[in-house]
Each structure stands twice: as C-alpha cells, then as structure tokens.
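As a plain string of letters, each chain reads:
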Amino acid sequence: MVASHPMNAMLRVRTFLSELHAWEWLGILVARSAVGFLFFLSGRGKLFVLKRREQMRQTLVEAHVPFPEFNALFVSTVEFVFGLLLIFGAITSLACAMLSGVIIVAIATTAVRNIAATSPFGWLSEFLYLPEVLLLVILLWLFLSGPGWLSVDDLILSQIHL
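What counts and how
Counting from 1, residues in each chain are numbered in the order their sequence is written. For a predicted model such as this one, the threshold for reporting local features is a pLDDT of at least 70, and the threshold for listing and counting side-chain atom pairs is 80 or more; totals across whole chains, interfaces and linings nevertheless cover every residue. Heavy atoms from the whole structure form the basis of all side-chain values; hydrogens and water molecules are not counted. Every helix listed is a DSSP run of H or I at least four residues long, and every strand listed is a run of E at least two residues long, numbered separately from the N terminus. Only C-alpha atoms enter the radius of gyration; for comparison, a globular chain is expected to reach 2.2 Å times N to the power 0.38, where N is the number of residues. Exposure is judged per residue with a 1.4 Å probe applied to protein chains only, and the accessible area is read against the type maximum: over 50% gives exposed, under 20% gives buried, and values in between give partly exposed. For accessible areas, the Shrake-Rupley method is used with a probe of radius 1.4 Å. Any residue's cover is judged against the shown protein chains and nothing else. Counting rule applied: Lys, Arg positive; Asp, Glu negative; His and chain ends not counted. Here the site of a charge means NZ on Lys, CZ on Arg, CG on Asp, or CD on Glu. One side-chain nitrogen of Lys or Arg within 4 Å of one carboxyl oxygen of Asp or Glu is enough to make a salt bridge. We define a nonpolar core as any set of buried Ala, Val, Leu, Ile, Met, Phe, Trp, Tyr and Cys residues linked to one another through side-chain atoms lying within 4.5 Å.

*Asks:* Please explain the overall build of the protein as it appears in this structure.
*Replies:* If you tally the helices and strands in the protein, you get eight helices and zero strands. Listing each helix as α and each strand as β along the protein from the N terminus yields α-α-α-α-α-α-α-α. By the compact-globule yardstick of 15 Å for 162 residues, the protein is too spread out, its C-alpha radius of gyration being 21 Å. Each principal axis of the C-alpha distribution contributes one length, and for the protein these read about 75 × 50 × 25 Å. Among the 162 residues that make up the protein, the fraction classed as buried is 32%. As displayed, the protein has an accessible area near 10800 Å², and 74% of this comes from carbon and sulfur atoms. Where the 10 positive side-chain charges of the protein centre and where its 10 negative ones centre are 5 Å apart.

Next comes the structure, spelled out in structure tokens:
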C-alpha cells in the first residue's frame, strides 16, 4: 500500500500540470493584450498629443537617430497600428516582429546608454532589469507561441482549416 502512494502523488501532479497547461491560452491572452495595449497607448499618445510627440522627437535627436521628425512619426505609427493588431491577435507574427524592431532600436539607442555597471555581471544584471528587455522577451515568446485561440489569427486559420 505504501509503494503505490508515490505513484498516486505523481499521477495527481501530472493531472494538475495537464489541467494547468489547458489554461495556457489565458496567459497568452493576458500577455498579448497587456503588451498590445502598452504599445497602442504609447503610439496613440505620441501621434495625437503634441507634447508627447515633441518628447519623442527630442529623444531621437539626443540619441542621434537620423531624420528625427520622420522617425518619431514612423515609430509612433508602428506602435499604434501594430499594438492594436497585437491586442486582437491579428497578424501576430508581423506585429511582434515590428514591435521587436522598435524595442531593439530603443534598447540600442537609449536604454543601454543609461547602464553604469562596473563589471560584466553588473552590466548584464542592469540590462536584464530594463523593461524594454522584458517586453522583447514577451514579444519573442508571442512570436514563437502564436496568439492563442482567442485571436483573429486563430479565427481565420480555423476557417481555412490550417
């Protein structure tokens, strides 16, 4: 009787993990929606609020990004449009790729400049602590995992039986 007890416990753990995995779509939905809203609202502010647009332009000037007026409008539009698409899970892979590009440029031009570590591990610690790095990791995960079943992409793919 004692020998079967560990087997029952393992079966319960396996069942629990299997049931938990069935809720993976909820984590994907929350991550996709949160990151999508973050970009959508950021882009919206930069597009439609003059003060925010000027702050974006000034940030690009200070980062020595060429054509700061054009790039402020371009980046804001990318954030707005692809953030909205990400919220709905529409062309999710493209949305993740475009938003990742924005984040990579932001990391390279502004975020990394603010790291003042004296050792490689200190630098890595500060780098990984950047919110932009976390956003990039989430976008990579969504790119690889897909948008989940509660998405426009899934609705379209289920209609064409792919």
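Next comes the rest of the write-up.
*Asks:* Explanation requested: the pattern of salt bridges in the structure shown.
*Replies:* Two side chains bearing opposite charge may form a pair once their charged atoms approach each other closely. Evaluated as defined, the whole model comprises three salt bridges. Ionic pairing is found between Lys46 and Glu79, a salt bridge with its closest N-O pair at 3.0 Å. Of the two residues, Lys46 is situated in helix 2 (residues 24-48) and Glu79 in helix 4 (residues 68-88); the sequence distance between them amounts to 33 residues. In this structure Glu79 comes out as buried when scored by relative accessible area, which is 5%. Across the salt bridge formed by Glu69 and Arg57, the nearest N and O atoms sit 3.5 Å from each other. Here Glu69 is found in helix 4, whereas its partner Arg57 is found in helix 3 (residues 50-62), with 12 residues between them in sequence. Taking the relative accessible area as the measure of exposure, Arg57 reaches 21% and is therefore partly exposed. Through salt bridges with shared partners, a single ionic network connects Glu54, Arg57 and Glu69.

*Asks:* Sorry, what's going on with the nonpolar core here?
*Replies:* Considering soluble globular proteins, one finds that nonpolar side chains tend to be buried as a cluster. If you look at the biggest cluster of nonpolar residues, it comprises 26 residues, and the most contacted ones within it are Phe39, Leu86, Leu99 and Leu139. Elements represented by at least two residues in this core include exactly helix 2, helix 3, helix 4, helix 5 (92-111) and helix 7 (131-145).

*Asks:* Whenever I open this one, the environment of Lys51 confuses me. Can you help?
*Replies:* Structurally, Lys51 can be placed in helix 3. By relative accessible area, which is 63% here, Lys51 ends up exposed.

It is worth stressing that arrangement in space is one thing and function is another; only the former is reported here.
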